[in-house]
Every structure is written in structure tokens, then in C-alpha cells.
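Observations on the model geometry
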Amino acid sequence: MAFENPSREEIKNILEQVGNIAVVGLSDKSDRTSYMVSYAMQKRGYRIIPVNPAAAGQTILGETCYASLAEVPEPVELVNVFRRSEYCAEVAREAAAIGAKILWLQQGIISQEAADIAQEHGMTVIMDRCIKVEDSVTQAVRKG
């Protein structure tokens, strides 16, 4: 069966309810898309938890960066992924292992294997969508 993202209404509900977002592949470079998107989401009130082994122990967007999802010392609701498709299955396994509820692969990232793994563990999966764009759309609808 072909993968289908949740409806806009379901995505809106997810974004209204989620408190923290672990961002896998969050760069410490402010000109990178992962940084810009995460910064915008942080300004919207979301708690951003950076996950990037190359920057582990550093501070990104005022938050401690962790080498892996397993090292994050608190529950994570949503895992937002800025990694190439071939790395997403492993991220999905890590997300399942920590009990995350949502696996979100950013715009341009598609991995059926990651989606299958996440769904087998009861996670909601969103692929090839920008979380910042979706949040902006839901905000516009609310202000309507």
C-alpha cells in the first residue's frame, strides 16, 4: 500500500499537541535549513532538542546537543529528521526505542523503510513535508 501523509487537520492536531521536538541532523551553522527551520519553530514556542553527533555537548539554539536520540534525558514526542533518506531507517529505530510518537522526515526526504519501522511501532509518520511550512499553514488557518 502506498504511503500517505496524515491529513492537514491531523497534522494541525499533532502540532497543537506536541511539546518538544528532537531535531536529528540539526546543524550549528545558522545558514543551514535545519537551523533556520528549528529556530523558527523555537520562536513559535516549541522546545527544540538538537541531535547531532558532530556537535554533541555543544549548545545549539540555547539547548544542549546530544549525539543520539538515546542520549536525550527526557521523553521526546516528535522526531524531526534532517538526514538523507538512507539514514532514516536507523533514525526510525532509535525513535521507536525511545518511545517517540511521531517521525517527521523533512521536505525532500522519503524513506518507505523508515515509515514501515515507525508505523510498526505505532508512530505517526510524516514524510517530504517541512514542519515550519505546516506549522505556518495551521497558524494561518487558526487566525483565519
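Since we're looking at a predicted model, the values are computed, not measured.

1. Points about the pairing of strand β1 (residues 20–24)
A large share of β1 lies buried, amounting to 5 of its 5 residues. Both faces of β1 are covered, namely the face carrying Asn20, Ala22 and Val24 and the face carrying Ile21 and Val23. Here β1 runs beside strand β2 (residues 47–51); their pairing, made up of 5 bridges, is parallel. Residue Val24 lies in a different strand from β2, and its bridge partner there is Val51. The β-α-β motif built from β1, the intervening helix α2 (residues 33–43) and the parallel element β2 has right-handed crossover chirality. Of the pairings in the sheet, the one linking β1 to strand β5 (residues 78–81) comprises 4 bridges and is parallel in character. Directly across from Val24, in β5, lies its bridge partner Val81.

2. A short note on the nonpolar core
Counting 27 residues, the largest nonpolar core has Leu69, Val79 and Leu103 as the members making the most contacts within it. Of all elements in the fold, only β1, β2, β5, α3 (88–97), β6 (102–105) and α4 (112–120) reach the threshold of two or more residues within this core. A total of 6 residues in this core trace back to one element, the largest contributor, which is α3. Within the second largest apolar cluster, 23 residues are counted, among which are Ile14, Leu26, Met41 and Ala55.

3. Comments concerning the pattern of salt bridges
Counting across every chain of the model gives 11 salt bridges. Here Lys12 ties to Glu9 by a salt bridge, and the two come within 4.0 Å at their closest N and O atoms. With Lys12 and Glu9 both in helix α1 (residues 8–17) and 3 residues apart, the pair spans about one turn of that helix. Judged by relative accessible area, which is 15%, Lys12 ranks as buried. Glu86 is the salt-bridge partner of Arg84, the closest N and O atoms lying 2.8 Å from each other. Sharing partners across several salt bridges, the network here consists of Arg8, Arg129 and Glu134.

4. A closer look at unusual backbone geometry
At Leu61, a residue that is not glycine, the phi angle is positive and equals roughly 55°. In this structure, Leu61 sits in the loop between β3 (59–60) and β4 (63–64). A residue is classified by how much of its surface remains accessible, and Leu61, at 14% relative accessible area, is buried. The phi angle at Asp128 is positive, at roughly 55°, despite the residue not being glycine. In this fold, Asp128 is placed in the loop between β7 (124–126) and α5 (131–143). Judged by its relative accessible area of 35%, Asp128 is partly exposed.

5. Some thoughts on the sheet that holds β1
Ordered in space as β2-β1-β5-β6-β7, the 5 strands form an open sheet in which the pairing is parallel. Two strands close off the open sheet at either side, each with one partner strand: β2 and β7. Sheet twist, expressed as the average angle between the axes of neighbouring strands with direction ignored, equals 20°.

6. Quick look at the environment of Glu134
Along the polypeptide, Glu134 turns up in helix α5. In this structure, the C-alpha to C-alpha distance between Glu134 and Arg8, residues 126 residues apart in sequence, is 8.1 Å. In this structure Glu134 touches Arg8, Ile11, Leu15, Trp104 and Arg129, once residues within four positions along its chain are discounted.

Parameters at a glance
- Residues numbered from 1 in each chain as written.
- Predicted model: local features only at pLDDT ≥ 70, side-chain atom pairs only at ≥ 80, totals over all residues.
- Heavy atoms only, no water.
- Buried < 20%, exposed > 50% of the residue type's maximum accessible area, 1.4 Å probe, protein only.
- Helix = DSSP H or I, 4+ residues; strand = E, 2+ residues; numbered from the N terminus.
- Pairing = 2+ DSSP bridges.
- Right-handed = clockwise from strand over helix to strand, strands pointing away.
- Core = buried A, V, L, I, M, F, W, Y, C linked by side-chain atoms within 4.5 Å.
- Salt bridge = Lys/Arg side-chain N within 4 Å of Asp/Glu carboxyl O.
- Axes fitted to C-alpha atoms, helices over the stretch in contact; angles between N-to-C directions.
- Contact = heavy atoms within 4.5 Å.

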